[in-house]
Structures are given as structure tokens and as C-alpha cells.
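Structural features, examined
If you want the building blocks of each chain, they are given just below.
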Amino acid sequence: MPERDLTRFGDRTTAAEVVDGLDLTGRTAIVTGGASGIGVETARALAGAGARVTLAVRDVDAGRRVADDIARSTGTEAPAVVELHLDRPASVEAFTAAWSGPLDVLVANAGIMDAPESYTPAGWESQFATNHLGHFALALGLHDALAASGSARIVSVSSSGHGGSPVVFDDLFFCRRRYEPGLAYGQSKTANVLFAVAAGRRWAADGITANALMPGGIWTGLQKHWDPEVLAATKIAAADAVKSPEQGAATSVLLATAPELDGVTGRYFEDCHEAAVVERIEDGLHGVLPWALDPDQADRLWDVSVALLDAEARSRG
């Protein structure tokens, strides 16, 4: 059974409340997708507590606007802003090559949801490429920096959407089955959890922990591919369960900073607590399915991901 009461926080806790009283001076953090949605509030909370934050973003201009806003709202130095395209391995490699010094926190927050069918030049389906493979490559490239911290944390932002699909290893990129945006999103979010499971086991000796989370139901740009009528109806039906971006960022910030989670790794959290393992996602939001925590599947995904990245790198010469 999960240790659901590891923390005193809950489903309405904000990111600022999580770090209240914490001093992160001297700590470094990277937040992918830090220019929008819960990434902004994740970065704001970390910077407000004293961490040196880097926003890894697709849109550098948007990132700079967010960095300036964070500086104004927190009275701290503006976060650094660095361009990163997770669906382009060369961009990930450039980002990791340019990083210097220890890294204490990597928040793998960026993502796309229910995107129309599209593929990268390597032939990777876009949601799997962006949500999983890009973050996987980023973590691998930053491993030495994370290990140099001595007590680094990786935060893998997943979703209850992982209930839509396990990782379908014999057809990762929908070459033989009809493409369905929800299934593609689901397997990418399952992959986010499996990555945390595998990294938690493989990198524990390096002082690196990794945990995944469901931020909650939050209306952000993530839903831009939804049908407008479906989105409007869902907003009405789910009004009581919706969180603000500040609340949605709380579990990410908790996993990145909470002293009571020292040494905790390879788990899945929601509402600032470890989630229960369930056979079906409850209310569309709660619980984690066994397939997302399966260590054998996690190891298989790790090996497949390494092979895909290696093949892509060879193709570029």
C-alpha cells in the first residue's frame, strides 16, 4: 500500500505553500516547459525559495517574459532562459552540452496532449517523442550533473491519462494501427512513469531520485487540440475538481523540494501524496495503474529508448 501520508499537504495546496519556510539558496533547477501552464508556477515557487532556475523552453521570447515576471513577483534574480526543443535530439544535445556545474532538480514538465498525427524526422510519433524520448535524452545527458549534486531529484510530470494506454512496444509509433491521439498521449504518459521507476533503480547509487506525478485537472494551453465543444462541456462537468495552475504545480514542487521525501524514489504521486495503485483510474483523475509501475516494463522501455536515440544519432553522422 502507498504511504499516502508522507506529507502534510493536500489537493488544494499551492506551490508557494509547499516551499514556505524552505531555503533553496545554492540549489540549481531546470524546468522544461517553464514558459506556460504549471511550468511557470513551478519555476516561480523554486525561484522564490532561492533556487537558481533555468527555463528550458521552445519560445525564448515567451520564456524571457515569464522570467521577468518571476523576478518581479519574487524579488529574486530572473531565471535563465535557454531554448530547448524536446522533439529534436540535436537540440537536447546542445542544451546538455552547454550545461555546467551540478544540477539539483530536473523538472520534466513540458508536454503536448492529444496532438494530431505527426512525426519527427526520425519517424517518431510526436507525443512519444516530446513527452518521453526528449526528456529521457535530457536526463541521460544531464546524468553527470545530477550525480554531482549528491542529492538530485528528477520530477517526471505524467498524468492520469496514462490510463489510456500502456507502452505498446510492438507498435510505438502507430505504424500498424490507426492513430488515436488519446492512445498516443496515454502511452507517452505511461512512459513518463516508467522512466521514473527505472531511473529510481538505476541511479539511486548516484544520489539521484526520480518520481512521477499527476498534477491534477488544470485548464492550460495543454488542451488546445481538444474539440471546443467537448472542452466547454468538460469545464462545466469538472468545475469542482479543477485546480488553479498554482495548485497544479504543488505536487511537482513537493517532489522537487520536500525534505520528507529524501530518498523516496520510483513512485507516482497525486495531490501531494503517493497515489493508490488501482485497476481503473478513478473519476478520470486518481490512482496509478500497475502497468505504469512495472519494473520489467520500465527496464524494457529504457533499453528501447537508448536504442532509438542511438540510431537517431548515427543517422545524423
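For the structure, see preceding data.
Below is a summary of the structure that appears in this document. (Residues numbered from 1 in each chain as written. Predicted model: local features only at pLDDT ≥ 70, side-chain atom pairs only at ≥ 80, totals over all residues. Heavy atoms only, no water.)

1. Things to note about the packing of helix H4 (residues 89–98) against helix H5 (residues 126–141)
Two quantities define a packed helix pair, namely the angle between the axes and the distance from one axis to the other. Running from amino to carboxyl end, H4 crosses H5 at an angle of 25°, the nearest separation of the two axes being 9 Å. The orientation of H4 with respect to H5, classified from their angle, is roughly parallel. Viewed along their axes, H4 and H5 form a crossing whose handedness is right-handed. Contacts between H4 and H5 pair Val 92, Phe 95 and Thr 96 from the former with Gly 134, Ala 137, Leu 138 and Gly 141 from the latter. (Axes fitted to C-alpha atoms, helices over the stretch in contact; angles between N-to-C directions. Helix = DSSP H or I, 4+ residues; strand = E, 2+ residues; numbered from the N terminus. Parallel < 35°, antiparallel > 145°, perpendicular 65-115°, else oblique. Left-handed = near helix turned anticlockwise from the far one by under 90°. Contact = heavy atoms within 4.5 Å.)

2. Quick word on the environment of Lys 243
With respect to the helices and strands, the residue Lys 243 is situated in strand S8 (residues 242–243). Given the relative accessible area of 6%, Lys 243 is considered buried. C-alpha separation for the pair Lys 243 and Phe 195, spaced 48 residues apart in sequence, amounts to 26 Å. Not counting the four nearest positions on each side in its chain, Lys 243 is found in contact with Asp 11, Arg 12, Pro 215, Gly 216, Gly 217, Ile 218, Gly 248 and Asp 271. A distance of 3.2 Å separates the side chain of Lys 243 from the backbone oxygen of Pro 215, its partner in a polar contact. Side chain to side chain, Lys 243 and Asp 271 meet in a polar contact 2.7 Å long. (Buried < 20%, exposed > 50% of the residue type's maximum accessible area, 1.4 Å probe, protein only. Polar contact = N/O pair within 3.5 Å; in protein donor to acceptor, adjacent residues only side chain to side chain.)

3. Topic: empty space enclosed by the protein
To find the voids left in a structure, one rolls a probe of water-molecule size over its atoms. Going through the model one piece at a time under the given rule, you end up with one cavity of 30 Å³ or more. Considered as a void within the structure, the largest cavity measures approximately 40 Å³ in volume. Taken together, Ala 108, Asn 131, His 132, His 135, Phe 136, Ser 156, Asn 192 and Phe 195 make up the full set of residues lining the largest cavity. For the lining of the largest cavity, the secondary-structure elements that each account for two or more residues are H5 and helix H7 (181–202). A breakdown of the residues in the lining of the largest cavity according to their chemical character gives three nonpolar, five polar and no charged. (1 Å grid on protein atoms, 1.4 Å probe; cavity = no way out; pocket = protein on both sides within 12 Å on 5 of 7 lines; lining within 4 Å. Points joined across faces, edges and corners; volume = space filled by probe spheres on them. Nonpolar A, V, L, I, M, F, W, Y, C, P; charged D, E, K, R; others polar.)

4. A few points about the sheet that holds strand S5 (residues 152–157)
Note: strands within a sheet are paired through backbone hydrogen bonds, in either parallel or antiparallel orientation. The strand order across the open sheet built from eight strands is S3-S2-S1-S4-S5-S6-S9-S10, with neighbouring strands paired in mixed fashion. Every interior strand has two partners, whereas the edge strands, strand S3 (80–83) and strand S10 (273–274), have only one. In the sheet, strand S1 (residues 28–32) pairs with strand S2 (residues 52–57) via five bridges, with the strands oriented parallel. Paired with Ala 29 across the bridge in S2 is Val 53. (Pairing = 2+ DSSP bridges.)

5. Things to note about helix H11 (residues 295–315)
Taking 1.5 Å per residue as the helical rise, H11 with its 21 residues ought to reach 30 Å, and the 30 Å between its terminal C-alpha atoms agrees with that figure. For H11, the complete set of buried residues consists of Ala 298, Leu 301, Trp 302, Ser 305, Leu 308, Leu 309 and Glu 312. Axial view of H11: buried residues confined to an arc of 135°, hence all on one face. Facing away from the buried side of H11, by more than 90 degrees, are the exposed residues Asp 296 and Arg 314. (Expected span 1.5 Å × (residues − 1). Arc of directions from axis to C-beta.)

6. What to know about the nonpolar core
In this structure, Ile 30, Leu 103, Leu 106, Leu 142, Leu 146 and Ile 154 are the most contacted members of the largest nonpolar core, which totals 50 residues. Elements supplying a minimum of two residues to this core: H4, H5, helix H6 (143–149), S5, H7, strand S6 (208–214) and H11. Counting residues per element, this core draws most heavily on H7, at eight residues. For Ile 154, the residues in contact, after removing those within four places along its chain, are Leu 106, Ala 139, Leu 146, Phe 195, Trp 203, Ile 208, Thr 209, Ala 210 and Asn 211. With 38 residues, the next largest nonpolar core counts Val 18, Val 19, Ala 29 and Ile 70 among its residues. (Core = buried A, V, L, I, M, F, W, Y, C linked by side-chain atoms within 4.5 Å.)

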